[in-house]
Each structure stands twice: as structure tokens, then as C-alpha cells.
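Structural overview for review
Chain by chain, the residues run as shown.
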Amino acid sequence: MRKKVAVLTGAGISAESGLLTFRGEGGLCEKYDFTVVATPAGWEKDKKLVLDFYNMRRQEVMKAMPNAAHTAIAELEKYHDVCVLTQNIDDLHERAGSKNILHIHGEIMKSRSTGTGKLYLVTSNIEAGDVCENGYQLRPHVVWFGEEILFHEEAKNVVQEADAILVIGTSLNVYPFNTFLKKAQHKAVKIYINKDKPDKIPYGYQFLSGNSSELVPMICRKLSDDLL
Ligand code: OAD
């Protein structure tokens, strides 16, 4: 019987596709000052700097390909009602074939009018001076520090109603995953896959340490067979 599966993904799921994670050795947080490149204040101060940072990241995303973990999650839709909640701004879940995705930190492949909020697809770079049809500057459709996450209520409900929750490739350092996880039902199957073991494993979750490209296909196979 089809069940509800919530899949929460963070930067670690895209690491084996060649995209840098935020935390840990060599991560984006070591290379960039996020108060400068990912805040409304940084944007007001230097739009070109912020746009260049995201243009570079968009180019990296366009070169990357989904890996076995993204593909396994997409295939799970054949057996269950899957909703992917992702902190990632890349489009690798879409390209792997997942249909039901909430990007709670936005999408790098979209721009947004700073005046009307209308969204547009981006095919190359966004430059200072690029405006919407009403003359407002375009910005990347991503959530910056200090801004509200997207789909808050919807995402919380998905976790609360899930029969199984898979958490993949996140250090659980940032909101909302670190609080959403606790909304899970007691009876739900709860699995947390990550390369590094966090200081604290959320209550009730089975932790599996390793690469998501190996562990996620294995767990998805179990979910499609007998685990639920
Ligand atoms: P992090 O970069 O904080 O954590 C990524 C996690 O992935 C780490 O704990 C790694 O151990 C793990 N990891 C690395 N490679 C892996 C692999 N091959 N398989 C499995 N796990 C692997 O990323 P997130 O928790 O997603 O927010 O946090 C990212 C958020 O922090 C971003 O969305 C951004 C930033 O603040 C905003 O920009 C608002």
C-alpha cells in the first residue's frame, strides 16, 4: 500500500555530484563570508558581488549531474507518495525525476523581481541592471540569512503526516530541518543518513553513517519492499 514518505535533503546529497557543502573542511563557509554574499544587507551594499557569487554557483549547478541518491528518491515515487523537502538550491532532484519538491531555501535556476516578486527562469547569469518588465532589478530566488524560509507550513505538515522520514546529507545546523524533524509521528519510520556523525542524533532516528549515493539507494529499496 502506498504510504507518505518525507525526504529531507541537505547539501551532502549533492556533494558526490561535485557541489560543495557549506560546513566541514573545504566547505563554502570556509571560502566565503556569508554576511557579505548571502544577506539583505550584503545585497544593499554590493549587488554585483552577490550576483557574481550566485552566478558562479549557478554555473557549477549547471555542470553537475544528479547522483544515485537523487535517482533512488525519484524512483521511490513509483511505490509511495513522496515529498522532497530540500534546503538545496540546485535542481538535481528535478533532473533526477522527482515531481513533488519544496525548495525551502529557494532555487538558483530562478530569478525574482525585487519589485513584484514574480519569478523567472534563469539560463545564464543575472547582472546588475537586469530588470523585470516593470523595471525592477532581478535577484536570485534564494533565501538569505535573516529572510523567511519558503513553504514553512506546508513543509511542517509533510513531516507531521509522514509514515516514513528520510533525512539525508545535512549537518542539522540550520533552521528549519533541525526543528522540523521533531514534528515526526512517534510511529513513523525515521532514518538519518549523513557522512559525519553529528554531536546529537535527533530522538527516535536511526543514524546511518556514509555516502548518500550508497546508502540512499539501499534504504529506498527497503522502503519500496517491506519496511513500511
Ligand atoms: P551542511 O553543509 O551544513 O552539511 C552537509 C552535511 O553533509 C555534512 O554534515 C556532511 O557530513 C554531509 N555530507 C557530505 N558529503 C556527504 C555524502 N557524500 N553523503 C552524505 N552526507 C554527506 O549543509 P546543510 O545542513 O544542508 O542556508 O545546511 C546548508 C544550509 O546552510 C544552506 O541551505 C544554507 C546554509 O546556511 C541558507 O543559505 C539559508
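This section reports on the structure supplied with the text.

Parameters at a glance
- Residues numbered from 1 in each chain as written.
- Predicted model: local features only at pLDDT ≥ 70, side-chain atom pairs only at ≥ 80, totals over all residues.
- Heavy atoms only, no water.
- Helix = DSSP H or I, 4+ residues; strand = E, 2+ residues; numbered from the N terminus.
- Core = buried A, V, L, I, M, F, W, Y, C linked by side-chain atoms within 4.5 Å.
- Buried < 20%, exposed > 50% of the residue type's maximum accessible area, 1.4 Å probe, protein only.
- Contact = heavy atoms within 4.5 Å.
- Pairing = 2+ DSSP bridges.
- Axes fitted to C-alpha atoms, helices over the stretch in contact; angles between N-to-C directions.
- Near = heavy atom within 4 Å.
- Polar contact = N/O pair within 3.5 Å; in protein donor to acceptor, adjacent residues only side chain to side chain.
- Areas by Shrake-Rupley, 256 points an atom, 1.4 Å probe, with all protein chains shown as cover.
- Salt bridge = Lys/Arg side-chain N within 4 Å of Asp/Glu carboxyl O.

1. Quick look at the environment of His105
Considering the arrangement of structural elements, one finds His105 in the loop between strand 3 (101–103) and strand 4 (106–113). The sequence separation of His105 and Val143 amounts to 38 residues, and the corresponding C-alpha distance is 4.9 Å.

2. Re the nonpolar core
When a protein is soluble and globular, its nonpolar side chains tend to lie buried together. Phe34, Ala38, Tyr54, Ile108 and Trp144 are the most contacted members of the largest nonpolar core, which has 22 residues in total. Listed by contribution, the elements that provide at least two residues to this core are helix 2 (34–37), helix 4 (47–63), strand 4 and strand 6 (138–142). Examining the composition of this core, we find that five residues originate from one element, helix 4, more than from any other. Those residues within four positions of Phe34 in sequence are excluded, and the remaining contacts are Phe22, Leu28, Cys29, Thr39, Phe53 and Phe145.

3. Notes on the sheet that holds strand 3
Across the sheet, six strands lie side by side as 3-2-1-7-8-9; this open sheet has parallel pairing. Of all the strands in the sheet, the pair left with one neighbour each is strand 3 and strand 9 (206–209). Shown here is a sheet whose adjacent strand axes are inclined to one another by a mean of 15°, direction ignored. Both strand 7 (residues 164–168) and strand 8 (residues 189–194) contribute to a ladder of five bridges, which runs parallel. Across the sheet, the residue bridging to Ile165 is Lys190, located in strand 8. The sheet contacts of helix 7 (residues 152–161) involve strand 1 (4–9), strand 2 (81–86), strand 3 and strand 7, and relative to strand 2 the element is tilted by about 130°. Contacts from helix 9 (residues 212–225) reach strand 1, strand 7, strand 8 and strand 9, with the element oriented near 175° to strand 7.

4. Observations regarding the site of the ligand
In the vicinity of the ligand, 23 residues are found, and the nearest of them are Phe22, Arg23, Thr170, Ser171 and Asp196. The contact in question runs from an oxygen atom of the ligand to an N or O atom on the side chain of Ser171, over 2.6 Å. Separating a nitrogen atom of the ligand from a side-chain N or O atom of Asn211 is a distance of 3.3 Å. For the ligand, the protein covers 93% of the area, taking 800 Å² as the surface of the free molecule.

5. Some details on the pairing of strand 8
Extensive coverage of strand 8 is indicated by the burial of five of its six residues. Bridge analysis of strand 8 against strand 9 gives four bridges, and the strand direction is parallel. Across the sheet, the residue bridging to Ile193 is Leu208, located in strand 9.

6. Section: unusual backbone geometry
The amide bond that connects Tyr175 to the next residue, Pro176, takes the cis arrangement and shows omega of 15°. Looking at where Pro176 falls in the secondary structure, it is placed in the loop between strand 7 and helix 8 (177–180). Even without being a glycine, Phe151 presents a positive backbone phi close to 55°. Of note, Phe151 is situated in the loop between strand 6 and helix 7. Relative accessible area serves as the criterion here: at 38%, Phe151 is assigned to the partly exposed category.

7. Some thoughts on the pattern of salt bridges
Using the criterion set out here, one finds nine salt bridges in the structure. With a shortest N-O distance of 3.9 Å, Glu161 and Lys4 are connected by a salt bridge. Here Glu161 is found in helix 7, whereas its partner Lys4 is found in strand 1, with 157 residues between them in sequence. Classification of Glu161 as partly exposed rests on a relative accessible area of 45%. In this structure, the salt-bridge partner of Lys47 is Glu44, at a minimum N-O distance of 3.8 Å. In this structure Lys47 comes out as partly exposed when scored by relative accessible area, which is 27%. Overall, Glu44 belongs to the exposed group, its relative accessible area being 55%.

Everything listed here is a matter of geometry and, on its own, says nothing about what the molecule does.
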